[in-house]
Amino acid sequence: MQAGNAHYRRDSDLPETVPVFPLNGALLLPLGRLPLTIFEPRYIAMVDDALASNRLIGMIQTMADTEELEGEPGLKPVGCAGRIVSFSENGDGRYLILLEGISRFRVTEEISGGKPYRQVRSKFFISDLDQALESDAVDRDSLLEVFQLYLEANGLETDWEMIRQADNALLVNSLCMMAPYGPAEKQALLEAPDLKSRAETLIAITEMELAKQATEPGSTRLQ
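Quantities reported herein were computed from a predicted structural model and do not represent experimental measurements. (Residues numbered from 1 in each chain as written. Predicted model: local features only at pLDDT ≥ 70, side-chain atom pairs only at ≥ 80, totals over all residues. Heavy atoms only, no water.)

Chemist: Pulling in residues and values, what's your account of helix α5 (residues 168-178)?
Modeler: In terms of burial, α5 is largely enclosed, as 8 of its 11 residues are buried. Within α5 the residues assigned to the buried category are N168, A169, L171, V172, N173, L175, C176 and M177. Where α5 is buried, its residues meet β4 (33-38), α2 (132-135), α3 (140-153), α4 (160-165), α6 (183-191) and α7 (195-214). (Buried < 20%, exposed > 50% of the residue type's maximum accessible area, 1.4 Å probe, protein only. Helix = DSSP H or I, 4+ residues; strand = E, 2+ residues; numbered from the N terminus. Contact = heavy atoms within 4.5 Å.)

Have a look at this one:
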């Protein structure tokens, strides 16, 4: 796996402790790119620290109606770490960053104190570092078929030349990140055990949403 100028090949290339940015509804997956606007002071500090060290930040969702450390909502068990591959300041106190997904991780423990932002000890999904190993198992034709149905149902267009050039891993993870689904569906896509399962989960969710949309006259997009 390469992100920016860095290569990640083995467990030792990844840290035990990861700063996390809890953001419900946001999905980062290996190979995917997620733009973020950072303005809250504690997350400004997180970006500063990441830029001064390994440039890694974990994206993670929270669990509703739970509290853990210092009144903060509990974290979902699985997130995804990304490397800051682009960074800019716009002059009004905000940072604009671009994260490139590297590997999912399972939270083993949240670390209290020491930093204004949240940090976790984690166990990475090392298989994520070589997405090519899982690419051949993806049913690309079925994925593209349901993607085309989604586009047609919503009157949307896409760059089919770019789609054709994308390998299976990039295609699956990019479509999952683009999909307009809620936090629960995105967590299911994140936690799918492998690329084939993730593609199948995306197909199933999209087929259910298309079926629901077909029964709602006047609907022009997936909710």
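Chemist: I'd love a proper account of the environment of W160, names of residues and values included.
Modeler: Mapped onto the secondary structure, W160 falls in helix α4. Each C-alpha atom, one on W160 and one on Q148, is 10.0 Å from the other, the two residues being 12 residues apart in sequence. Setting aside chain neighbours within four positions, we find W160 in contact with L144, F147, Q148 and L151.

Chemist: Summarise the nonpolar core; cite the residues concerned and give the values.
Modeler: Formed by 47 residues in total, the largest nonpolar core has its most connected members in I38, I57 and I97. In contact with I57, not counting residues within four places along its chain, are V18, P19, F21, M46, V47, A50, C80, A81, G82, I84, I97 and L99. Core analysis: the next-biggest nonpolar cluster, separate from the first, contains 16 residues, V18, V20, L56 and L75 among them. (Core = buried A, V, L, I, M, F, W, Y, C linked by side-chain atoms within 4.5 Å.)

Chemist: Residues and numbers for the packing of α3 against α5, please.
Modeler: Any two packed helices are characterised by how steeply their axes cross, that is the angle between the axes, and by the distance between the axes. Viewed as axis vectors pointing N to C, α3 and α5 meet at an angle of 35 degrees, and their least axial separation amounts to 11 Å. Pair α3 / α5 crosses with left-handed handedness. Judged by residue contacts, R140, L143, L144 and F147 of α3 engage N168, L171, V172 and L175 from α5. Its residues placed into classes, the contact of α3 with α5 shows 6 nonpolar, 1 polar and 1 charged. (Axes fitted to C-alpha atoms, helices over the stretch in contact; angles between N-to-C directions. Left-handed = near helix turned anticlockwise from the far one by under 90°. Nonpolar A, V, L, I, M, F, W, Y, C, P; charged D, E, K, R; others polar.)

Chemist: I'd like a rundown of the pairing of strand β8 (residues 118-124), residues and numbers included.
Modeler: On any regular strand, side chains alternate: one points to one face of the sheet, the next to the other face. The buried fraction of β8 amounts to 5 of the 7 residues, a majority that puts the element mostly inside the structure. Across 4 bridges, strand β3 (residues 17-22) lies against β8 in antiparallel orientation. Looking across to β8, one finds that P19 is bridged to Q119. Hairpin connection from strand β7 (residues 95-111) to β8: 6 residues lie between these consecutive antiparallel strands, with G113 at a positive phi of about 75 degrees. (Pairing = 2+ DSSP bridges.)

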